Amino acid sequence: MRLFYYLQEGENLKNKKYLTPKERICFTIGAFGRSGIYTLMSMFALVFFQNGAGLSLKQSTSIILIGRIFDALNDPVMGMIVDKTKSKWGKMRPYLLFSPIPIAICTVLLFIAPFADGSSAAFVWALLTYIIWGVAFTVQDVPFWGLSSVITPLESERTSFISTARLGSTFGGILPALLVPVFYQSNLGYKTGFFVSAVLFAVLGSALSILIFFVSKERVPKMDHTPSFKETFTVMGKDKVLIIVILASLLGSTMVMANQCADYIGNYLIIQNYTDFAKIFDAAGNILPGVDAAAAYDFWIPRGTIVTTLTVAIGVGMVPAMAIFPLLRKKFSLKQIYIGSAAFGLVVHLLCYFAFAGSIQNINIYVLWIMLFLMGLPLGIYNVITYALIADAVDYLEWKTGERHEGVCFSFQTFLSKVNAGIATAVFGQLLDRSDFQAVDKALVDVARRQIFFQQSADTQKMLLALVTIVPAVGFLLTILPMLFNDYTGKTKEKAQKELEASRTEKMDTENQL
């Protein structure tokens, strides 16, 4: 009889709907706003450190790597703090109310360069503001995405909830990709252009991300006791699904390199190939007096929007992939979708390299757009599926131990997204630094105060192409390996979900009777 009760209650739970339209809309809008801030940092911090603060490529990549290592400690600790939080608003929502303003302030500070270009003070300022920004963003990031695991007990609702929010996040990430290059390649220059960008996205992102606090409700029952830090680490070591997700994500960090380094692709693989440098420099390499960089550039797409078209091409590929993810989920397991999309990404990135390596100084931008669109498809799947896998890790841990650690589990997701970007940028910068790449000289501007770029050699261009194709392809290959060992799928997962649904129903009934 007890088994029949569990199965019946589990079936009733499946038929019930928990999420409200306001929760879905505000969570998606919040994801849109937050993504603008995050993309500004992840895509353009390296560019700003070099061209705004005057730091070397090695200094800039070192800052990013140090900051991401710090996050390795910061994110899980924040997850444990969330799991220990008890308030009338729940354990996730309080941080969604109080974090937006500190994030806005830290974002603006990150994109200010108050000291002399390349000085020790400039390096320290950039390092400190980068780390502090990471702390502020983590305070919101962990509970924001962790909310998806407590706002509804149903996996079906959770899948669509996350997929819709990730769509909003992708569109939010496209916005800075559209606007920021236009700002800093205008006569505003790098410093003012990035400052304007930081203020714009800090205000917009913070205002939108706070909305979910006012309309959301945490519905999944809390644990009966609050574990200590030691107990948490002991229990997390038993979460096989989480360990697999962490390993797969770390090994696949370079998958996102093309998206992170679109600025370099645009400037040195496209804009350079349409620029007549004889109209900019004389035979001795000196800049010509009264030079107009726009006059030396011969293509119908303006210089300031080339980078934008590349990031949009990737984003346009990501959007349909995320949109069809719930449909794929009905026919395939998360394991099958993950491995299949990674294999597709591996093939597409290799095809992109061989398509352009033989004509590196004559890349067809229209073919490149198509390739970037295809490269965006597996990134779109990855953008959604990692959250679904982390949610699986939460359920798996509850099934095995009876304890839910949403905060800690989702802290690893936020940690991984930042570490992925950090590793990708660091690998890109360190490898590029070993080539004959010529960095920007901020003193070289034309009559309209637009930045002039040096002409890179064909070997450097080929290195750039390999960095955004071959290196990501290796990441797609490596990320498959840990996922092969994920056995929380099929009948095993179905059995676990039924048992969890029944036990949650019983617990909620007990709480309602008290």
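Residues numbered from 1 in each chain as written. Predicted model: local features only at pLDDT ≥ 70, side-chain atom pairs only at ≥ 80, totals over all residues. Heavy atoms only, no water.

**Details of the overall build of the protein chain**
Put simply, the rule reads: Only DSSP runs of H or I with at least four residues qualify as helices, and only runs of E with at least two residues qualify as strands; both kinds are numbered from the N terminus onward. C-alpha atoms define the radius of gyration in this analysis, and the globule rule sets the expected value at 2.2 Å times the number of residues to the power 0.38. To sort residues, take the accessible area from a 1.4 Å probe on protein chains only and compare it with the maximum for the residue type: under 20% means buried, over 50% means exposed, and anything in between is partly exposed. Should any heavy atoms of two residues lie within 4.5 Å, those residues are counted as being in contact. Each accessible area is a Shrake-Rupley estimate made with a 1.4 Å probe; only the visible protein chains count as cover when residues are assessed. Positive charges are assigned to Lys and Arg, negative charges to Asp and Glu, while His and the chain termini are left out of the count. Where a charge lies is defined by one atom per residue type, namely NZ (Lys), CZ (Arg), CG (Asp) and CD (Glu).
Along the backbone of the protein chain there are 21 helices and 0 strands. Compactness check: the protein chain gives a C-alpha radius of gyration of 24 Å against a globular reference of 24 Å for 514 residues, within 12% of the reference. Out of the 514 residues in the protein chain, the part that is buried amounts to 58%. By sequence separation, contacts in the protein chain at least 24 residues apart represent 84% of the contacts at least 6 residues apart. A total accessible area of about 20300 Å² is found for the protein chain, and carbon and sulfur atoms account for 67% of it. Within the protein chain, one finds 43 positive and 36 negative side-chain charges whose respective centroids are separated by 4 Å.

**As for the pattern of salt bridges**
Where we set the bar: By convention in these notes, a salt bridge is any Lys or Arg side-chain nitrogen within 4 Å of a carboxyl oxygen on Asp or Glu.
Counted according to the given criterion, the structure contains 8 salt bridges. In this structure, Asp141 engages Arg34 in a salt bridge whose closest nitrogen and oxygen atoms are separated by 2.4 Å. Of this pair, Asp141 sits in helix 6 (residues 120-146) while Arg34 sits in helix 2 (residues 21-51), and the two are 107 residues apart along the sequence.

**Let's talk about the side chain of Arg93**
Relative to the helices and strands, Arg93 resides in helix 4 (residues 93-98). Excluding anything up to four places from it in sequence, Arg93 contacts Leu147, Phe213, Ser216, Lys217 and Glu218.

**Concerning the environment of Gln272**
By secondary structure assignment, the location of Gln272 is in the loop between helix 13 (262-271) and helix 14 (293-296). In this structure, the C-alpha to C-alpha distance between Gln272 and Phe454, residues 182 residues apart in sequence, is 8.6 Å. Once residues lying within four places of it in the same chain are set aside, the contact partners of Gln272 are Asn267, Phe277, Phe454, Gln455, Gln456 and Gln461.

**Notes on empty space enclosed by the protein**
The cut-off we apply is this: Lining residues are those with an atom within 4 Å of a point, where the points come from a 1 Å grid over the protein atoms alone and group into cavities, where a 1.4 Å probe fits but cannot get out, or pockets, open sets with protein on both sides within 12 Å along at least five of seven lines. Grid points are joined across faces, edges and corners, and a volume is the space filled by probe spheres set on the points. For this classification, Asp, Glu, Lys and Arg are treated as charged, while Ala, Val, Leu, Ile, Met, Phe, Trp, Tyr, Cys and Pro are nonpolar and the rest, including Gly, are polar.
Summed over all chains, the structure comprises 11 cavities of 30 Å³ or more. Taken as a whole, the largest cavity encloses approximately 680 Å³ of empty space. Along its surface, the largest cavity is lined by 33 residues, and Tyr38, Arg166, Asn259, Met318 and Asn383 are the ones closest to its centre. Broken down by element, the lining of the largest cavity gets its largest block of residues, 7 residues, from helix 2. Roughly 100 Å³ of internal volume is contained in the second largest cavity. Broken down by class, the residue content of the lining of the second largest cavity amounts to 7 nonpolar, 3 polar and 1 charged.

**Thoughts on the packing of aromatic side chains**
The condition is simple: Each aromatic pair joins two rings of Phe, Tyr and Trp (for Trp, the six-membered one) with centres within 6.5 Å, and gets the label stacked for planes under 30 degrees apart, edge-to-face for over 60, and tilted for any other angle.
One pass over the structure, following the stated rule, counts 36 aromatic pairs. A ring pair is formed by Tyr366 and Trp369, whose centres lie 5.4 Å apart and whose planes are at 85°; its orientation type is edge-to-face. Placement of both Tyr366 and Trp369 in helix 17 (residues 365-401) is noted, with a separation of 3 residues, approximately one turn of the helix. Relative accessible area serves as the criterion here: at 40%, Tyr366 is assigned to the partly exposed category. Here Trp369 falls in the partly exposed class, since its relative accessible area comes to 22%. Each residue in the set Phe44, Phe48, Phe49, Phe111, Tyr130, Tyr184, Tyr190 and Phe194 is aromatic and connected to the rest through ring pairs, giving one cluster.

**A closer look at the state of the cysteines**
Two cysteines form a disulfide when their sulfur atoms are joined by a covalent bond. How we decide: Cysteine sulfur atoms that pair up within 2.5 Å are treated as a disulfide.
Evaluated as defined, the whole model comprises 0 disulfides. Of all cysteine sulfurs in the structure, the one in Cys352 sits closest to Cys261, which takes part in no disulfide; the separation is 14 Å.

**Here we look at the packing of helix 6 against helix 18 (residues 406-433)**
Using the following cut-off: Axis geometry follows a simple rule: fit a line to the C-alpha atoms, using only the stretch in contact for helices, then measure angles between N-to-C directions, giving values from 0 to 180 degrees. With respect to orientation, any angle under 35 degrees is reported as roughly parallel, any angle over 145 as roughly antiparallel, any angle of 65 to 115 as roughly perpendicular, and every other angle as oblique. Less than a right angle of anticlockwise turn of the near helix away from the far helix marks a crossing as left-handed, whereas a clockwise turn marks it as right-handed.
Their axes nearest at 8 Å, the elements helix 6 and helix 18 cross at an angle of 125°. The pairing of helix 6 with helix 18 is recorded here as oblique in orientation. For the crossing formed where helix 6 meets helix 18, the hand is right-handed. Mapping the contact onto sequence places Gly134, Thr138, Asp141, Val142, Trp145 and Gly146 in helix 6 and Gly407, Phe410, Ser411, Thr414 and Lys418 in helix 18. In terms of residue class, the contact of helix 6 with helix 18 is built from 3 nonpolar, 6 polar and 2 charged.

**Some remarks on the confidence of the model for the protein chain**
Inclusion rule: Each residue carries a pLDDT value, the predictor's own confidence for that position, ranging from 0 to 100.
Per-residue pLDDT for the protein chain has a mean of 86; in total, 93% of the residues score no lower than 70. Note that pLDDT drops below 50 for residues 1-10; the model gives that stretch 9 contacts with residues more than four away or on any other chain.

**Structural notes on the side chain of Asn74**
Here is the rule: In the analysis that follows, any N or O atom pair within 3.5 Å is treated as a polar contact, provided that within protein one partner can donate a hydrogen and the other can accept it, and provided that, for residues neighboring in sequence, both atoms belong to side chains.
Structurally, Asn74 can be placed in helix 3 (residues 57-84). Within the local environment of Asn74, its side chain forms a polar contact with the side chain of Thr138, the two groups lying 3.3 Å apart. Not counting chain neighbours up to four residues away, the residues in contact with Asn74 comprise Gly134, Val135 and Thr138.

**Observations concerning the layout of surface pockets**
Its volume calculated, the largest pocket comes out at about 640 Å³. Forming the walls of the largest pocket are 24 residues, and the residues nearest its centre are Glu155, Ser156, Thr159, Arg329 and Lys493. Per-element accounting of the lining of the largest pocket gives the leading share, 6 residues, to helix 21 (residues 490-513). The residue inventory of the lining of the largest pocket, partitioned by class, reads 5 nonpolar, 8 polar and 11 charged.

**Some details on the nonpolar core**
Cut-off, in case you're wondering: To define a nonpolar core, start from buried Ala, Val, Leu, Ile, Met, Phe, Trp, Tyr and Cys residues and group those joined through side-chain atoms within 4.5 Å.
Among the nonpolar cores identified, the biggest contains 144 residues, and Phe49, Phe194, Tyr264 and Phe428 are the most heavily contacted of them. In contact with Tyr264, not counting residues within four places along its chain, are Leu46, Gln50, Leu57, Leu269, Phe428, Leu432, Phe437 and Leu464. Counting 8 residues, the second largest nonpolar core, distinct from the first, contains Val291, Ala293, Leu444 and Ile452.

**Some thoughts on the environment of Val307**
Here Val307 is to be found in helix 15 (residues 303-331). Counting along the chain gives 151 residues from Val307 to Ala458, while the straight-line C-alpha distance between them is 20 Å. Not counting chain neighbours up to four residues away, the residues in contact with Val307 comprise Pro181, Ala262, Asp263, Gly266 and Asn267.

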